[in-house]
Amino acid sequence: MPFWIEALVSLFLVLGSLFALVGAIGLYRLPDFYTRLHGPTKATTLGVGGMVIASMLFFAGRPEGPSLHELLLTLFLFITAPVSAHMLAKAAMQKKLPLTERTRGKPW
């Protein structure tokens, strides 16, 4: 495998893992449910996306050729993550979960 493909794969793996780390830290550190919801839905989705791009590049350099598995995984991820976050936010609004003082706006 050429060096430039290995460098790109490494770059996307590092970027993806950094985004996933930021999403995990956001999930841990943010004060209430509504702000905590952004960590896994935004940053972690980008992190998994970066890792999937690295996988696509790695397997495209193989003699078997590119695979559609990664494209299907990316499509599934980018469709289901916002929908599930929206459903969780709507359920939290129905339950009237409490906000912290620093959270702006009233969801209900």
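Further up the page is the structure itself.
Treat the numbers as computed from the prediction; the structure is a model and nothing was measured.

Calculation rules
- Residues numbered from 1 in each chain as written.
- Predicted model: local features only at pLDDT ≥ 70, side-chain atom pairs only at ≥ 80, totals over all residues.
- Heavy atoms only, no water.
- Phe/Tyr/Trp six-rings, centres within 6.5 Å; stacked < 30°, edge-to-face > 60°.
- Buried < 20%, exposed > 50% of the residue type's maximum accessible area, 1.4 Å probe, protein only.
- Axes fitted to C-alpha atoms, helices over the stretch in contact; angles between N-to-C directions.
- Helix = DSSP H or I, 4+ residues; strand = E, 2+ residues; numbered from the N terminus.
- Parallel < 35°, antiparallel > 145°, perpendicular 65-115°, else oblique.
- Contact = heavy atoms within 4.5 Å.
- Nonpolar A, V, L, I, M, F, W, Y, C, P; charged D, E, K, R; others polar.
- Expected span 1.5 Å × (residues − 1).
- Bend = angle between axes of the 7 residues up to and from the residue.
- Lys, Arg positive; Asp, Glu negative; His and termini not counted.
- Salt bridge = Lys/Arg side-chain N within 4 Å of Asp/Glu carboxyl O.

A. Seen up close, the packing of aromatic side chains. One pass over the full model with this rule turns up two aromatic pairs. Consider the rings of Phe-33 and Tyr-34, whose centres lie 5.9 Å apart with planes at 80 degrees: the pair is edge-to-face. Of the residues examined, Phe-33 reaches a relative accessible area of 27% and is grouped as partly exposed.

B. Region of the structure containing the packing of helix H3 (residues 38–60) against helix H4 (residues 69–95). Taken N-terminus to C-terminus, the directions of H3 and H4 make an angle of 175 degrees; their axes are 10 Å apart at the nearest point. In terms of their interaxial angle, H3 and H4 are classed as roughly antiparallel. Here Thr-41, Thr-45, Val-48, Gly-49, Val-52, Ser-55, Met-56 and Phe-59 of H3 come into contact with H4, specifically with Glu-70, Leu-71, Leu-73, Thr-74, Leu-77, Phe-78, Ala-81 and Ala-85. Residues belonging to the contact of H3 with H4 are distributed by class as follows: ten nonpolar, five polar and one charged.

C. Seen up close, H3. Its 23 residues give H3 an end-to-end C-alpha distance of 32 Å, which sits within 8% of 33 Å, the value for a rise of 1.5 Å per residue. Along its length, H3 shows its largest kink, about 30 degrees, at Thr-44. Restricting attention to buried positions, one finds in H3 the residues Gly-39, Thr-41, Ala-43, Thr-45, Gly-47, Gly-49, Gly-50, Val-52 and Ala-54. In the core, the buried residues of H3 are packed alongside helix H1 (3–29), helix H2 (33–36) and H4.

D. Main features of the side chain of Asp-32. Within the element layout of this structure, Asp-32 appears in the loop between H1 and H2. Although buried, Asp-32 forms no salt bridge, and the nearest oppositely charged side chain, Arg-36, lies 6.7 Å from it. Sequence-distant contacts of Asp-32, that is, excluding residues within four places in its chain, are made with Pro-98, Leu-99, Thr-100 and Thr-103.

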